[in-house]
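Overview (structure and organization)
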Amino acid sequence: MEPTRDDLDARVSRFSEKLPDPLRRMVDWLREPSRVWLRVGAALLFILGGIFSILPVLGLWMLPLGLALLAQDVPGLKVPLERSARWIEATWADLVAWWRRRKR
């Protein structure tokens, strides 16, 4: 099944429901349509931090987070990010299955 723009929104909503209340409220607050400039600014800073991941505090973890924030406002990023998330899930499941078979 080919991913759609709504699939990424649903994924973020499901993820948000699993977070502790203070963090969930912060994510929901940040996802409000009126926070577009804050999201874009934070996304660009995260992406920039991900590019400079050689520095001690900054890391590659910042790049996908920045892209996910930016995808809230750039619809063209939603489908590729959802496709990437599905690939990561499938690869992780394959790795876990391989590991469990290996331990027997």
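In this report, the structure presented in the accompanying data block is examined. (Residues numbered from 1 in each chain as written. Predicted model: local features only at pLDDT ≥ 70, side-chain atom pairs only at ≥ 80, totals over all residues. Heavy atoms only, no water.)

Topic: the overall build of the protein
What the protein contains, in helices and strands, is five helices and zero strands. Ordered by position from the N terminus, the helices and strands of the protein form the series α-α-α-α-α. C-alpha extents for the protein along the principal axes are approximately 50 × 35 × 30 Å. With 104 residues in all, the protein has 24% of them scored as buried. When contacts within the protein are restricted to residue pairs at least 6 apart in sequence, long-range pairs at least 24 apart make up 44% of them. (Helix = DSSP H or I, 4+ residues; strand = E, 2+ residues; numbered from the N terminus. Buried < 20%, exposed > 50% of the residue type's maximum accessible area, 1.4 Å probe, protein only. Contact = heavy atoms within 4.5 Å.)

Remarks on the packing of helix α1 (residues 5–17) against helix α2 (residues 21–31)
Running from N to C, α1 and α2 cross one another at 150°; their axes reach a closest spacing of 9 Å. Considered as vectors, α1 and α2 are oriented roughly antiparallel to each other. Considering only the axes of α1 and α2, their crossing is left-handed. The segment α1 lies against α2, with Asp9, Val12, Ser13, Ser16 and Glu17 engaging Arg24, Val27, Asp28 and Arg31. For the contact of α1 with α2, the per-class residue count stands at two nonpolar, two polar and five charged. (Axes fitted to C-alpha atoms, helices over the stretch in contact; angles between N-to-C directions. Parallel < 35°, antiparallel > 145°, perpendicular 65-115°, else oblique. Left-handed = near helix turned anticlockwise from the far one by under 90°. Nonpolar A, V, L, I, M, F, W, Y, C, P; charged D, E, K, R; others polar.)

Looking at the packing of α1 against helix α5 (residues 78–103)
A packed helix pair is summarised by two numbers, namely the angle formed by the two axes and the spacing between the axes. Where α1 meets α5, the axes come as close as 7 Å, and the angle between the chain directions of the two elements is 60°. Accordingly, the angle class assigned to the pair α1 and α5 is oblique. When you trace α1 past α5, the crossing you get is left-handed. Here Arg5, Asp7, Leu8, Asp9 and Arg11 of α1 lie close against α5, whose contacting residues are Lys78, Val79, Leu81, Glu82, Ala85, Arg86 and Glu89.

A look at the pattern of salt bridges
Applying the stated criterion across every chain, the model contains 11 salt bridges. Residues aspartate 7 and arginine 86 are paired through a salt bridge, measuring 3.0 Å at the closest nitrogen-oxygen approach. Residue aspartate 7 is located in helix α1, and its partner arginine 86 is located in helix α5; the two are separated by 79 residues in the primary sequence. In this structure, aspartate 28 and arginine 24 form a salt bridge, with 3.5 Å as the shortest nitrogen-oxygen distance. With a gap of four residues between them, aspartate 28 and arginine 24 both fall in helix α2, about one helical turn apart. Looking at aspartate 28, the relative accessible area reads 33%, which means it is partly exposed. We classify arginine 24 as partly exposed; its relative accessible area is 25%. (Salt bridge = Lys/Arg side-chain N within 4 Å of Asp/Glu carboxyl O.)

Focus on the side chain of arginine 11
When you line up the elements, arginine 11 lands in helix α1. Among residues more than four places away in sequence, those in contact with arginine 11 are Glu82, Ala85, Arg86 and Glu89.

Some points on the nonpolar core
Note that soluble globular proteins tend to have their nonpolar side chains buried in a common cluster. Judged by nonpolar contacts, Val40, Ala43, Ile47, Leu69 and Leu70 together constitute the single largest core of five residues. Of all the secondary-structure elements, those providing two or more residues to this core are α3 (36–51) and α4 (62–71). With three residues, the single largest contributor to this core is α3. Contacts of isoleucine 47, omitting those with residues within four sequence positions, involve Met62, Leu63, Gly66, Leu67 and Leu70. (Core = buried A, V, L, I, M, F, W, Y, C linked by side-chain atoms within 4.5 Å.)

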